[in-house]
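# Breakdown of the fold
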Amino acid sequence: MNSTIGDIDSQPDHAGTEESDAKDSRDATICVVGLGYVGLPLAVGFDQEGYSVVGFDIDDGKVETLRGGTDTTGDLGDDTIAESEITYTTDEADIANADYVMITVPTPVDQNEQPNLDFVESAGRTVGEHMSPGTTVILESTVFPGATREVLVPAIEAASGLTCGEDFYVGYSPERATPGDPEHGLRDVVKVVGGMNDEVRDDVADLYETVIDAGVHKAASLEVAEASKVVENVQRDLNIALVNELAMAFDGMDMDIDTRAVLEASGTKWNFHNYRPGLVGGHCIPVDPYFFIHRSKQAGYAPHLIEQSRNVNEAMPAHVSNMMIKELNRAGKTLRDSRVLVLGLTYKPDVADIRTSKVDGIIRQLHEYDIETIGYDPHGDNDLMRDQFGISVQDTDEPEFEKFDGIVLATPHHEFYDLDLEAIAGRMNEKPAFVDVTGAFDEEAVSEAGFSYRRV
């Protein structure tokens, strides 16, 4: 009973019927499938607006933690979870109660940078097996253009025996979550919405408008909405790649040209864009371009500029390590006898997530030169960091600097800004080096404290 792409658009419209008009009210039940950094805030947002919300996840431990009133993301707060009236469940049968199902499952790339939509397919089958006729299914996970129709819909149809456009309806609204950024939460970022036809899109847009203060943008199609998500991060990846390549080029010129000083001078022109070099980690920018590359190559076009930008940004961890190695060499130190402390192992400041951190690339390169590398992070889980990065991690309230030869400030958590640099330099070996990946510290202050200072 699978529908073709063209069939979906030709099916009778969902919105505008007596049934769908009823579902525009706060009486609608919403099921969010996947309670991670995207799904949980979404469930909470609709709960706060008075909807009946079911939060479904396959992780028993996560569901039990949420039922106990503990925030599993660290962004919402335990009180918010405890005060919510969300039904947290691992029971797939609860999906049947929903008028709208929102799928927010991970969409990673594999070791060959190919999109892995296994979680989307699995979620589609689960939803299809249990949803009721008339349900609207909205995918929020990042996918390549066409995936909602070509991957999600067949999975739902195969499991349900229902036909898309007649028995259920689909929309797409890409997540724009920014963990650790309270100024850009669910309500504060414009929501892009696409539907299998205009009527479904408008119905879904009306739904999201009840929880999004920043407004809703109605995309021309499902594919436009899908493409908008990957393109917004392709653009950022390209711009960061440019300044990263500038940083590597200036470093190779050996003329003491500070990239950030150059960018500051260039930035005095009114139309210069403000980007700074650094590591490109996270769940979106390093991943989404591969979705676009994959789809583009399927259509016969190789997007060379986008591919090259990925290569440049993936080379940055090794460049950071080489900066430290150069400083150790300049200080006359034997690399195999040197010790380096890496401050900050998570993928961005003031979050605990290490899953897509690029700091591991720095560590691998230092290890290739037999440099002893120790880590410290006040936010990440020490056991997880030891396993992922393969290094010793200081399990102390404050970092310990005794007998180190260098510091790599990889992720500038707010706790690091109060460090007494002069006292730290005094506890380290002679001629200590300080490599500042994000340029968080003032060069003059670090140098006066007794370090040789380099920033990317």
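Numbers given for residues are sequential positions, taken from 1 along each chain in its written order. The predicted nature of this model means local features are confined to residues of pLDDT at least 70 and side-chain atom pairs, given and counted, to a pLDDT of 80 or more, with totals for whole chains, interfaces and linings taken over all residues. Only heavy atoms go into the side-chain values, all of them from the structure, while hydrogens and water stay out.

## Quick notes on a negative patch on the surface
Every patch collects residues that have over 30% relative accessible area and no salt bridge, joining them within 9 Å if they carry like charges and within 5 Å if they are nonpolar side chains (Val, Leu, Ile, Met, Phe, Trp, Tyr). Surface exposure here means Shrake-Rupley accessible area, sampled with a 1.4 Å probe, where a residue is shielded only by the protein chains that are shown. Each salt bridge in this description consists of a side-chain nitrogen of Lys or Arg and a carboxyl oxygen of Asp or Glu lying within 4 Å of one another. For the charge count, each Lys or Arg is scored as positive and each Asp or Glu as negative, with His and the chain ends excluded. We put the charge of a Lys on NZ, of an Arg on CZ, of an Asp on CG and of a Glu on CD. On the surface, Asp 254, Asp 256, Asp 442, Glu 443, Glu 444 and Glu 448 cluster together into a patch of negative charge. Mapped onto the secondary structure, Asp 442 falls in the loop between strand 13 (433-436) and helix 17 (443-448). Here the term buried applies to any residue with accessible area under 20% of the maximum for its type, exposed to any over 50%, and partly exposed to those in between, with areas from a 1.4 Å probe on protein chains only. The exposure class assigned to Asp 442 is partly exposed, which follows from its relative accessible area of 47%. Only DSSP runs of H or I covering at least 4 residues are called helices, and only runs of E covering at least 2 are called strands; the numbering of each starts at the N terminus.

## With respect to helix 11 (residues 288-298)
Inspection of helix 11 places Asp 288, Pro 289, Tyr 290, Phe 291, Ile 293, His 294 and Ser 296 among the buried residues, and these make up the whole buried set. Should any heavy atoms of two residues lie within 4.5 Å, those residues are considered in contact. In the core, the buried residues of helix 11 are packed alongside helix 9 (222-253) and helix 12 (304-314). Looking one or two residues past helix 11, Gly 300 carries a phi angle of roughly 100 degrees, positive in sign.

## Overview of the pattern of salt bridges
When charged atoms on two side chains of opposite charge get close, those side chains can pair. Going through the model one piece at a time under the given rule, you end up with 26 salt bridges. Arg 176 is paired through a salt bridge with Glu 232; the nearest N and O atoms lie 2.9 Å apart. Taken together, the positions of Arg 176 in the loop between strand 6 (169-172) and strand 7 (191-195) and Glu 232 in helix 9 put the pair 56 residues apart, joining distant regions of the chain. The shortest N-O distance in the salt bridge between Asp 353 and Arg 355 comes to 2.8 Å. On the basis of relative accessible area, Arg 355 is assigned to the exposed category, the value being 53%. Connected through shared salt-bridge partners, Asp 251, Lys 326, Glu 327, Arg 330 and Arg 454 make up one network.

## Here we look at the packing of helix 7 (residues 147-160) against helix 9
In this analysis an axis means a line fitted to C-alpha atoms, helices contributing only their contacting stretch, and an angle means the value between N-to-C directions, from 0 to 180 degrees. Across the interface, helix 7 lies against helix 9 with an axial gap of 9 Å and an inter-helix angle of 105 degrees. What the angle tells us is that helix 7 and helix 9 run roughly perpendicular. Listed contacts from helix 9 to Ala 147, Thr 148 and Arg 149 of helix 7 are Leu 222, Glu 223 and Glu 226. Residues were grouped as follows: Ala, Val, Leu, Ile, Met, Phe, Trp, Tyr, Cys and Pro as nonpolar; Asp, Glu, Lys and Arg as charged; and all remaining residues, including Gly, as polar. For the contact of helix 7 with helix 9, a count of residues per class yields two nonpolar, one polar and three charged. Angle categories: roughly parallel below 35 degrees, roughly antiparallel above 145, roughly perpendicular from 65 to 115, and oblique for all the rest.

## Quick notes on the environment of Gly 180
One can find Gly 180 in the loop between strand 6 and strand 7. In sequence terms Gly 180 and Pro 349 are 169 residues apart; their C-alpha atoms lie 8.0 Å from each other. Those residues within four positions of Gly 180 in sequence are excluded, and the remaining contacts are Asp 75 and Val 351.

## Topic: the environment of Val 243
Summarising the element assignment, Val 243 is placed in helix 9. Linking Val 243 and Thr 259, residues 16 residues apart in sequence, is a C-alpha distance of 8.1 Å. Among residues more than four places away in sequence, those in contact with Val 243 are Thr 259, Leu 263, Tyr 275, Arg 276 and Pro 277.

## Observations concerning the sheet that holds strand 4 (residues 100-103)
At least two DSSP bridges between two strands are needed for those strands to be called paired. The strand order across the open sheet formed by eight strands is 3-2-1-4-5-6-7-8, and the pairing between neighbours is mixed. Edge positions in the sheet fall to strand 3 (87-89) and strand 8 (216-218), since each has one partner strand and no second. Here the strands of the sheet are splayed against their neighbours by 25 degrees on average, with no regard to which way each runs. With four bridges connecting them, strand 4 and strand 5 (residues 136-139) associate as parallel partners. Paired with Val 101 across the bridge in strand 5 is Val 137.

## Notes on the environment of Ile 81
Within the secondary structure layout, Ile 81 lies in helix 5 (residues 78-83). Considered as a pair, Ile 81 and Val 44 are 37 residues apart in the sequence and their alpha carbons are 7.7 Å apart. Setting aside chain neighbours within four positions, we find Ile 81 in contact with Leu 40, Val 44, Leu 66, Gly 69, Thr 70, Asp 71, Leu 76 and Tyr 88.

## Some words on the packing of aromatic side chains
The relative placement of two aromatic rings is captured by the distance of their centres and the angle of their planes. The rule is short: rings of Phe, Tyr and Trp, with Trp giving its six-membered ring, pair when the centres are within 6.5 Å, and they are stacked under 30 degrees, edge-to-face over 60, tilted in between. For the structure shown, the criterion picks out seven aromatic pairs. Ring geometry for Tyr 376 and Phe 416: centres 6.3 Å apart, planes at 50 degrees, overall tilted. Taken together, the positions of Tyr 376 in strand 10 (residues 372-376) and Phe 416 in the loop between strand 12 (406-409) and helix 16 (421-427) put the pair 40 residues apart, joining distant regions of the chain. Accessibility expressed as a relative area gives 3% for Tyr 376, which makes it buried. Ring geometry for Phe 434 and Phe 441: centres 5.6 Å apart, planes at 50 degrees, overall tilted. Phe 441 shares its class with Phe 434; the two are buried.

## A few points about unusual backbone geometry
At Asp 350, a position not held by glycine, the phi torsion is positive, near 65 degrees. Turning to its location among the elements, Asp 350 is positioned in the loop between strand 9 (339-343) and helix 14 (359-368). Positive phi is not limited to glycine here, since Lys 403 has a value of about 65 degrees. Mapped onto the elements, Lys 403 comes out in the loop between strand 11 (392-393) and strand 12.

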